[in-house]
Structures are given as structure tokens and as C-alpha cells.
Amino acid sequence: MKDVQNQYDERNISLNEVGIKDLVYPIEIKDAEGNWIPTRATISASVGLGPHQKGTHMSRFVEVIQDNDRQVDIRNIRNLLKTMQDHLEAENSFLDLKFDYFVHKTSPVTNNESLINVGVEVQAALLGNDLQFQVTVATPVTTLCPCSKEISDYSAHNQRALVTITADTHKFIPFEKYVEISEQSASSPLYTLLKRPDEKYVTEYAYDHPKFVEDVCREVKQRMDVLPGIRSYSIQVESQESIHNHQAYARVIGHPGEENH
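Rules used throughout
- Residue numbers here run from 1 along each chain, matching the order of that chain's written sequence.
- Per-residue local features of the predicted model are confined to residues with pLDDT of at least 70, and side-chain atom pairs are confined, for both listing and counting, to 80 or more; whole-chain, interface and lining totals are unaffected and use all residues.
- Note that the side-chain values use all heavy atoms of the structure and ignore hydrogens as well as water.
- Each axis is a line fitted through C-alpha atoms, and for a helix only the stretch in contact is used; angles between axes span 0 to 180 degrees, taken between their N-to-C directions.
- Helix and strand definitions here come from DSSP, where helices need a minimum of 4 consecutive H or I residues and strands a minimum of 2 consecutive E residues; each element is numbered from the N-terminal end.
- A crossing counts as left-handed when the near helix is turned anticlockwise from the far one by less than a right angle, and as right-handed when that turn is clockwise.
- Every residue pair with non-hydrogen atoms within 4.5 Å of one another is taken to be in contact.
- Three categories are distinguished: nonpolar for Ala, Val, Leu, Ile, Met, Phe, Trp, Tyr, Cys and Pro, charged for Asp, Glu, Lys and Arg, and polar for the others, with Gly belonging to the last.
- Two strands are said to pair when DSSP picks up at least two bridges between them.
- Note on terminology: angles under 35 degrees are roughly parallel, angles over 145 are roughly antiparallel, angles of 65 to 115 are roughly perpendicular, and the others are oblique.
- Exposure is judged per residue with a 1.4 Å probe applied to protein chains only, and the accessible area is read against the type maximum: over 50% gives exposed, under 20% gives buried, and values in between give partly exposed.
- For this analysis, a polar contact is any N or O atom pair within 3.5 Å, provided that within protein one partner can donate a hydrogen and the other can accept it, and provided that sequence-adjacent residues contribute only side-chain to side-chain pairs.
- Definition used in this section: a nonpolar core is a set of buried Ala, Val, Leu, Ile, Met, Phe, Trp, Tyr and Cys residues joined via side-chain atoms within 4.5 Å.
- Note on ring pairs: Phe, Tyr and Trp rings are taken, using the six-membered ring of Trp, and paired if centres are within 6.5 Å. Classes follow the plane angle, with under 30 degrees stacked, over 60 edge-to-face and the rest tilted.
- What counts as a salt bridge is simple: a side-chain nitrogen of Lys or Arg found within 4 Å of a carboxyl oxygen of Asp or Glu.

What follows is about the packing of helix α1 (residues 58–66) against helix α2 (residues 77–88). Packing of α1 against α2 brings their axes to within 10 Å, and their N-to-C directions diverge by 145 degrees. Classified by chirality, the crossing of α2 by α1 is right-handed. In this structure, α1 uses Arg 60, Phe 61 and Val 64 to contact α2, whose residues at the interface are Leu 80, Thr 83, Met 84, His 87 and Leu 88. When its residues are assigned to classes, the contact of α1 with α2 shows 5 nonpolar, 2 polar and 1 charged.

The following block contains the structure:
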């Protein structure tokens, strides 16, 4: 059959990315202990297109993804990108994966086991032979307002917040590490399964560790600055306010080792 995509294009215009977006596909991701965790990903894949090639072969992206047998080892992301380059006859390849990642949690008093989901996005590019790798992990936490605690005779308002860390890394860092950093910087972690003794503990723990979004953002930065393997990062904290008709927000970008200002 006639291969229209391989026809010569006379406009002499290269395209940075050509491919597929928002393919929903079942995958498995390795956790920090090497176990495969099933989840569902939204996948975008693309390659650079040369100036004289009319189009790319869209079906080949799906073939490359399916040939992975649903198991995506983020540590070996370079191999997947190289396969895309070879199959699509391209110099540059790009991959974006968005999925829920499930972290094992143990309730603080009764030691009940449960899972909590965090949002993960992996963006990777192989530019020739140069690998660029960026991970975003969005972790839900609890914050308790220091101002409310200070001025109120009874209790203090608290709410769920979302800590989003985006890191450009030299190497793969387990997603659990970003979750740990986010939870340690908040008033309290979140849990899926809590009994009454756990609820008492979590409520009192948050009361003893009041944090503004500014506090959480700065403490995440302090921990990211000493995390090995980080080139640069962006940290965003958004508090889903419980007594205001708006959200509270803080953001910082930086590089490990730079002075805190």
C-alpha cells in the first residue's frame, strides 16, 4: 500500500514534536522495593519530524508502548525512548506519563495498613543521546493554621493541602521519597484508614505542628536542597482553605545547595 507519510515534503519545515496524546493504557510501575504496582496511565509520545518527511507513523507509537508488556521501569526510560527513535526514524523522542501511584501507609496508633494515591507525572526526552528526565509528584497533606491557633480559644482551622514537587534529576529517585519529604514538611500526613485512636493522634499532632503554606514550601525546599541527584526543582503548595472562599498558595524554584533567602 502507498506510504503517504514517507512522501517528500517540499516546504522544508522541521516539526519539534509529532505523535499521539492522551492514550489511556494499563501499566505497571515498580515501587521502591522492586514490586510491580498496577495502575492506569495517560500517555503522550512524540518524536521530532525532519523537514522533508510528510508525516510520522502514528501506529508505531502504540506498538512501542504495547511491546513493553505494560511494565514501565522508569529507571530504564532511556531504552523506551531509544526504541521510539529507532522505530520512527527520528533523532529526538519524547514521552509523558501521568498516573496514580499508590503508597503503603500505616496508621500511627493501630498500625492498620492501607494505600494512598498520589499523582505522578514523568516527562522524559532523548535528544540525540542526551537524556532529560523530570518527575512531578503531588502529595495530599494536612495543614493547620498557626494564626488560627494563636487567636482562637477553641481549636484551630485545618484543611487538606497539596504539595507538588517537580524535579529535574540526574538519576531516578523513588516516588516515595518525594511523598516522604512532603509529609514531613506538613502539619500531618493523610491516611486512608484511621480508627478513633488514630484520629485523636493525627488531630493532636497537626495541632502541635501548625504550618502556613509558606512554612511547608520552605521546609520542602530545605529537604530538596540536600537530596542527592537533583539538578533543579519547583515546589508548589496549595491549601484548600476550609474557612475562606479562596485557596492559599506558595511556590519556590531553585537548585540544591543554593543559599536560602
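Let us look at the pairing of strand β7 (residues 158–169). A regular strand places its side chains on the two faces of the sheet in alternate fashion. Looking at chain direction, strand β6 (residues 130–144) and β7 are connected through 11 bridges and run antiparallel. The residue of β7 that forms the bridge with Thr 136 is Thr 166. The pairing of β7 with strand β9 (residues 230–239) spans 9 bridges and is classified as antiparallel. Bridged to Val 163 within β9 is Val 237.

A few words on the packing of helix α4 (residues 175–185) against helix α6 (residues 213–224). Contact geometry for α4 and α6: axes closest at 8 Å, N-to-C directions at 135 degrees. With respect to each other, α4 and α6 are oriented oblique. Crossing handedness for the pair α4 and α6: right-handed. Residues Tyr 178, Ile 181, Ser 182, Gln 184 and Ser 185 of α4 lie in contact with α6, whose contacting residues are Val 216, Glu 219, Val 220, Arg 223 and Met 224. Of the residues in the contact of α4 with α6, the class split is 5 nonpolar, 3 polar and 2 charged.

Relative to the elements of secondary structure, Ser 107 occurs in the loop between β4 (92–106) and β5 (113–127). Given a relative accessible area of 1%, Ser 107 falls into the buried group. For the pair formed by Ser 107 and Glu 199, sequence separation is 92 residues and the distance between their alpha carbons is 9.2 Å. Apart from residues lying up to four places away in sequence, Ser 107 is in contact with Asn 112, Tyr 191, Leu 193, Leu 194 and Asp 198. At 3.1 Å, the side chain of Ser 107 forms a polar contact with the backbone nitrogen of Asn 111.

With that settled, consider the nonpolar core. Formed by 58 residues in total, the largest nonpolar core has its most connected members in Phe 99, Phe 175 and Met 224. The element best represented in this core is β5, accounting for 6 residues. Beyond its immediate stretch of four places on either side in the chain, Phe 175 contacts Ile 29, Ile 74, Phe 99, Tyr 101, Val 120, Val 122, Val 135 and Val 137.

For the rest of this paragraph, the subject is the packing of aromatic side chains. Describing an aromatic ring pair means giving the distance of the ring centres and the angle of the ring planes. Scanning the model with the defined rule gives 4 aromatic pairs in all. Relative to Phe 175, the ring of Phe 172 has its centre 5.6 Å away and its plane inclined at 85 degrees; by these criteria the two rings are edge-to-face. Both residues of the pair, Phe 172 and Phe 175, belong to the buried class. Seen in terms of ring centroids, Tyr 201 and Tyr 205 are 5.9 Å apart; in terms of plane orientation they differ by 20 degrees. Their pairing is stacked.

Another aspect to go through is the environment of Gly 254. Following the sequence through the fold, Gly 254 ends up in strand β10 (residues 248–254). For the pair Gly 254 and Thr 106, spaced 148 residues apart in sequence, the C-alpha to C-alpha distance is 32 Å.

Per the stated rule, a full pass over the model turns up 9 salt bridges. Glu 219 is paired through a salt bridge with Lys 211; the nearest N and O atoms lie 3.3 Å apart. The closest approach of N and O atoms between Asp 225 and Lys 221, which form a salt bridge, is 3.3 Å. With relative accessibility at 12%, the residue Asp 225 sits in the buried group. On the basis of relative accessibility, which here comes to 8%, the residue Lys 221 falls in the buried class. Overlapping salt bridges bring together Lys 211, Glu 219 and Arg 223 as one network.

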